[in-house]
Amino acid sequence: MAENPIPDGPMQWHSDYIPYLDSLQGREDAFFFTRDDDQNRQKTWFEPKNLMTDECILARECSSHKKKMLQRAVRMYCIKDMREFKVDDSNKSIWRLVCKRKTQGCRWLLRGIVKPDGLWEITKFHPKHTCDMGQSRADHFNLDINMIAHVLLKHIEETPRMPIKTCISMVHSKYGKIISKRKGFLGHRHAFEMIFGTWESSFRALPGWDDVYGRYDIKLLIVVDMDANGSIFPLAFVITANESNETWGMFLTHLKTHVIKGRQGICVLSDSHKGILHNMRTLEGWQPPHVYHRYCLRHLKANLQKKFGNDT
Ligand SMILES: [Zn+2]
């Protein structure tokens, strides 16, 4: 029997067979209770819409298809319970938690293990805290970056540059906790990377954009550099409608703000497109001693041959 019995009441889902889990409407993230008494029962755990007012029960024999779903449910439960845990052991087959204030003699304990059928199940749970939380904190130790990103995901997809202040208030209305600006920033960044990928992965995907050349009437403006091994790597790029004074001006302005920053003595090698020439003459901070402009010899040769023919 579960130590924290499931209250009697209508079940959202009922089966005489356990496990009978394939019928959970393809919800891979489903989290459910099972109980063996005179009748086998299970109850699907749907994430509380409002953590402050909705039911959030955790018991032994709770199962989940995925470890991360179990972790999420436990974190939500503990946030609602206003108690904090720390991870005692975590690997492919076990997730064991103790009270964060175990040193006070608190025996709160939870253990989830993966069963032979692949389900993560809570096999041990001492739900009573005897510790003293002290002054209640606005934030919660177990409200981690993943939990924060989960709230922000949908909004950041629509508004990638959502202010951190807004992120913090969204987290507050979901979990009732006021997180620090730093946590807000990290949660925002995590959500952003989940949607758009990291800068590194974007650069890795860059060769796939070779198709842009010729096939479409748009341009790829790109700045590359050379590392200590003599290998070329991309520094920044932008896709524009055309190659002009305006687009090169916009790109170079961003390049200066985000990549060059305050550095001096930068050498730029270019194919001397008139958009580049124009901006390097006129844009502020693109002349010596900040930036020195040289022509790429390969492009110079190619341009000469194009203009005067191969005999040149
Ligand atoms: Zn405790």
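Structure: above.
Our subject in this report is the structure included herewith. (Residues numbered from 1 in each chain as written. Predicted model: local features only at pLDDT ≥ 70, side-chain atom pairs only at ≥ 80, totals over all residues. Heavy atoms only, no water.)

On to the pattern of salt bridges. One pass over the full model with this rule turns up six salt bridges. Among the salt bridges present, the one from Lys100 reaches Glu84, with a minimum N-O distance of 3.8 Å. With Lys100 in the loop between strand S5 (94-99) and strand S6 (109-114) and Glu84 in the loop between helix H1 (67-81) and strand S4 (85-90), the pair connects residues that are 16 residues apart, well separated along the chain. The exposure class of Lys100 is partly exposed, given its relative accessible area of 29%. On the basis of relative accessibility, which here comes to 2%, the residue Glu84 falls in the buried class. Of the charged contacts in the structure, one is a salt bridge between Lys183 and Asp139, with a shortest N-O distance of 3.1 Å. With Lys183 in helix H4 (residues 181-196) and Asp139 in the loop between strand S7 (120-126) and helix H2 (145-158), this pair connects stretches of sequence that are 44 residues apart. With a relative accessible area of 16%, Lys183 lands in the buried category. Look at the salt bridges and you will find they share partners, linking Glu84, Lys100 and Arg101 into a network. (Salt bridge = Lys/Arg side-chain N within 4 Å of Asp/Glu carboxyl O. Helix = DSSP H or I, 4+ residues; strand = E, 2+ residues; numbered from the N terminus. Buried < 20%, exposed > 50% of the residue type's maximum accessible area, 1.4 Å probe, protein only.)

Of the protein atoms, only Cys99 (SG), Cys106 (SG), His129 (ND1) and Cys131 (SG) coordinate the zinc ion, at distances of 2.2 to 2.3 Å. Mapped onto the sequence, the residues coordinating the zinc ion show the spacing C-x6-C-x22-H-x1-C. Taken together, the residues span a long stretch of sequence, with Cys99 in strand S5 and His129 in the loop between S7 and H2 at a distance of 30 residues. Each of the two residues, Cys99 as well as His129, counts as buried. (Donors = N, O, S within 2.8 Å, 3.2 Å for Na, K, Ca; no water.)

A large share of S5 lies buried, amounting to five of its six residues. Of the strand pairs in this sheet, S4 and S5 are connected by five bridges, and their pairing is antiparallel. Within S5, the residue paired with Ser90 across the bridge is Trp95. From the end of S4 to the start of S5, which pair antiparallel, there are three residues. Taken together, the five bridges between S5 and S6 define a ladder with antiparallel strand orientation. (Pairing = 2+ DSSP bridges.)

It is at 7 Å that the axes of H2 and H4 come closest, and there the two elements cross at 60 degrees. For the element pair H2 / H4, the angle class is oblique. Crossing handedness for the pair H2 and H4: right-handed. Here Ile145, Asn146, Ile148, Ala149, Leu152, Leu153, Ile156 and Glu157 of H2 come into contact with H4, specifically with Lys183, Leu186, Gly187, His188, His190, Ala191, Phe192, Met194, Ile195 and Phe196. Partitioning the contact of H2 with H4 into residue classes produces twelve nonpolar, four polar and two charged. (Axes fitted to C-alpha atoms, helices over the stretch in contact; angles between N-to-C directions. Parallel < 35°, antiparallel > 145°, perpendicular 65-115°, else oblique. Left-handed = near helix turned anticlockwise from the far one by under 90°. Contact = heavy atoms within 4.5 Å. Nonpolar A, V, L, I, M, F, W, Y, C, P; charged D, E, K, R; others polar.)

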